[in-house]
Amino acid sequence: MGRFLSLALLLTSTFGNLACNPQKNQEENPELMPRVVRFEQELAQAAQNGPEKVMGLRTKHPLFYKILVQDMLGIGPPDSNQTAEYLCRFQRDPYTDSLTRDISVAFPAGQDPLLYTSLPSAVARFRKEFKTDRPTQITTFLSGFRYQAALDDSGEMLIGLDTYLGPQYRYYTTASYIYDYQMRRMSRDYLLADALRLLLQDQIEPPPSTSSLLDHMIASGKIHYAIQMLVPDIPDSSLFRYTALQASWAKQYEKEVWQYLMSQNLVYSSEIRSKSRFLDDGPATLELDPNAPPRLGEWIGNSIVTGYMDKHPQTSL
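Residues numbered from 1 in each chain as written. Predicted model: local features only at pLDDT ≥ 70, side-chain atom pairs only at ≥ 80, totals over all residues. Heavy atoms only, no water.

Considered for burial, the residues of helix α3 (residues 51-60) that qualify are Val54, Met55 and Leu57. The arc that holds the buried residues of α3, viewed along the axis, is 140°, so those residues lie on one side. More than 90 degrees from the buried face of α3, the exposed residues found are Glu52, Lys53, Thr59 and Lys60. Packed against the buried residues of α3 are α2 (39-48), α4 (62-72) and α5 (81-92). (Buried < 20%, exposed > 50% of the residue type's maximum accessible area, 1.4 Å probe, protein only. Helix = DSSP H or I, 4+ residues; strand = E, 2+ residues; numbered from the N terminus. Arc of directions from axis to C-beta. Contact = heavy atoms within 4.5 Å.)

Below, the structure written as structure tokens:
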């Protein structure tokens, strides 16, 4: 499979050439907008009619069906009748059935503006700026609270809608592998930025592990700057996966954070622990302040890139 954006994974990368014109980026490109396929709903309907109908999904969605049963569920070969029977039992389970219904309420088929308008429009702008023919399709599915977004081997996008039902969703507390700070971000407010971040990360490999903290900060800053160019009105909290209070703290103490990095000789450090303190995810950056948000390297990196682009308005990324 291609790339995953899971609850436990944070990827950073640099990226290629992007025209830096917010007005241009806001133009609609209907021919480039991907279609949205609601696989979780198709599976629920097929399961009601038995394994043969479920096997029909393998013919209709061969690559995703294979990814689902082998990479995500790990239940056996996709061409097996036993696999189809297992999917039937899985979907008919009262827990899974109620979860699928909750997804349908939170993201109404054909109606939800985020899923059917905002996300496809942003992906269309991405495809135009990067001159790429993928993704042409966004497939939604039920991930068991494990995968927020992914790209399959062909470059198509997969979205686990069950990871965006809101931090108070009744079943999240039953998953022992979800930390409180992760649960807070399991909201539709973060879906758009998560999807675009994944597409941008896939453009080029991230800096080598031997690179400095500054290299990784700037690479991350480029990604965040590009998201802002693709969606100019996205709030800082959604962009950086912060609360409004965390975003306010980062903005207020940005200068002090930079001074701390310089005074501790961390900016050019390639030592793994030094980089992880300001790039890895977590509830907070406790060594600075209990209210300091995590991943402050991303915030500073975005400021560096934004400052550069402000001074060089004719320079493309």
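That was the structure; now back to the text.
With that out of the way, let us pick up the environment of Gly56. Relative to the assigned elements, Gly56 resides in helix α3. Its relative accessible area of 33% is what places Gly56 among the partly exposed residues. The spatial distance from the C-alpha of Gly56 to the C-alpha of Ala84 is 9.5 Å, given a sequence separation of 28 residues.

Turning our eyes to something else, we now look at the packing of aromatic side chains. Applying the stated criterion across every chain, the model contains 13 aromatic pairs. The interplanar angle of 90° and the centroid separation of 5.6 Å between the aromatic rings of Tyr169 and Tyr171 together place this pair among those described as edge-to-face. Both rings, one in Trp249 and one in Tyr253, keep their centres 4.8 Å apart while their planes meet at 40°; by these two values the pair is tilted. Among the residues examined, Tyr253 registers a relative accessible area of 32% and is labelled partly exposed. Connected via pairs of aromatic rings, a cluster forms that spans Tyr95, Phe145, Tyr169, Tyr171 and Tyr172. Taking NZ or CZ as reference, Arg146 lies 4.0 Å from the ring centre of Tyr177, over its face. (Phe/Tyr/Trp six-rings, centres within 6.5 Å; stacked < 30°, edge-to-face > 60°. Lys NZ or Arg CZ within 6 Å of the ring centre and 35° of its normal.)

A word on unusual backbone geometry. For the bond from Arg134 to Pro135, the omega torsion is -5°, close enough to zero to count as cis. Positive phi values are uncommon outside glycine, yet Lys131 reaches one of about 50°. In this structure, Lys131 sits in the loop between α7 (113-130) and β3 (137-141). For Lys131, a relative accessible area of 76% puts it in the exposed group. The backbone phi angle of Arg241 is positive, close to 60°, even though this residue is not glycine. With respect to the secondary-structure elements, Arg241 resides in the loop between α11 (236-240) and α12 (244-252). Given a relative accessible area of 6%, Arg241 falls into the buried group.

Compared with the 26 Å implied by 1.5 Å per residue over 18 residues, the 24 Å span of α7 between its first and last C-alpha is a close match. Capping of α7 at its N-terminal end is provided by Asp112; its side-chain oxygen lies 3.2 Å from the backbone amide nitrogen of Leu114. Following α7 by one or two positions, Lys131 has its phi on the positive side, about 50°. (Expected span 1.5 Å × (residues − 1). Polar contact = N/O pair within 3.5 Å; in protein donor to acceptor, adjacent residues only side chain to side chain.)

Turning our attention to empty space enclosed by the protein. Evaluated as defined, the whole model comprises one cavity of 30 Å³ or more. Counted as a void, the largest cavity has a volume near 60 Å³. Of all the secondary structure elements, the ones that give two or more residues to the lining of the largest cavity are α2 and α5. Of all the elements, α2 adds the most residues to the lining of the largest cavity, at three residues. Looking at the lining of the largest cavity residue by residue, the classes come out as seven nonpolar, one polar and one charged. (1 Å grid on protein atoms, 1.4 Å probe; cavity = no way out; pocket = protein on both sides within 12 Å on 5 of 7 lines; lining within 4 Å. Points joined across faces, edges and corners; volume = space filled by probe spheres on them. Nonpolar A, V, L, I, M, F, W, Y, C, P; charged D, E, K, R; others polar.)

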